[in-house]
Amino acid sequence: MSDPKHYPALASPHVSLNGNVNEAMYAAFRDGIAAAGDADPLVISLTTLGGNPEIARAMGEEIRLLGAY
């Protein structure tokens, strides 16, 4: 495993999500992105064992769009 001191942004992500992918996680995801402002890079940590695949797809698409801009 990598030493966290070499990757300080990974040690404290702007958005940290864990649990089932559901409406509450999506709301926390959106709130976290809004609170991060213009963070560059924006670091998102996600740990889940499952949940709603459509919400997961929407989150992934938003991350892709953020990367494009």
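Residues numbered from 1 in each chain as written. Predicted model: local features only at pLDDT ≥ 70, side-chain atom pairs only at ≥ 80, totals over all residues. Heavy atoms only, no water.

**Overview of helix α3 (residues 53-68)**
Helical periodicity: at 3.6 residues per turn, an α-helix aligns residues three or four positions apart in one direction. Between its terminal C-alpha atoms α3 stretches 23 Å, which fits the 22 Å expected from 16 residues at 1.5 Å a residue. Those residues of α3 that are buried are in contact with β1 (15-18), α2 (23-36) and β2 (44-47). The distance from a side-chain oxygen at the start of α3 to the backbone nitrogen of Glu54 is 2.8 Å, and the residue carrying that oxygen is Asn52. (Helix = DSSP H or I, 4+ residues; strand = E, 2+ residues; numbered from the N terminus. Expected span 1.5 Å × (residues − 1). Contact = heavy atoms within 4.5 Å. Polar contact = N/O pair within 3.5 Å; in protein donor to acceptor, adjacent residues only side chain to side chain.)

**Re α2**
Between its terminal C-alpha atoms α2 stretches 20 Å, which fits the 20 Å expected from 14 residues at 1.5 Å a residue. Along α2, the residues classified as buried are Met25, Phe29, Gly32, Ile33 and Ala36. Buried residues of α2, seen end-on, are gathered within an arc of 95 degrees and therefore sit on one face of the element. Facing away from the buried side of α2 by more than 90 degrees, the exposed set consists of Glu23, Ala24, Asp31, Ala34 and Ala35. (Buried < 20%, exposed > 50% of the residue type's maximum accessible area, 1.4 Å probe, protein only. Arc of directions from axis to C-beta.)

**Some points on unusual backbone geometry**
Residue Pro41 is bonded to the preceding Asp40 through a cis peptide linkage, with omega at 5 degrees. Mapping Pro41 onto the fold places it in the loop between α2 and β2.

**Considerations on the nonpolar core**
A general trend in soluble globular proteins is that nonpolar side chains are found buried together. If you look at the biggest cluster of nonpolar residues, it comprises eight residues: Val15, Leu17, Val21, Met25, Phe29, Ile33, Ile55 and Met59. Ranked by the residues each element gives to this core, the list is headed by α2, at three residues. For Ile55, the residues in contact, after removing those within four places along its chain, are Val21, Asn22, Glu23 and Tyr26. (Core = buried A, V, L, I, M, F, W, Y, C linked by side-chain atoms within 4.5 Å.)

**Thoughts on the packing of aromatic side chains**
Describing an aromatic ring pair means giving the distance of the ring centres and the angle of the ring planes. Per the counting criterion, the structure on display carries one aromatic pair. Each ring, one from Tyr26 and one from Phe29, has its centre 6.2 Å from the other, and the planes form 25 degrees; the classification is stacked. Of this pair, Tyr26 and Phe29 both sit in helix α2, three residues apart, which is roughly one turn of that helix. On the accessibility criterion, Tyr26 (23% relative accessible area) is partly exposed. (Phe/Tyr/Trp six-rings, centres within 6.5 Å; stacked < 30°, edge-to-face > 60°.)

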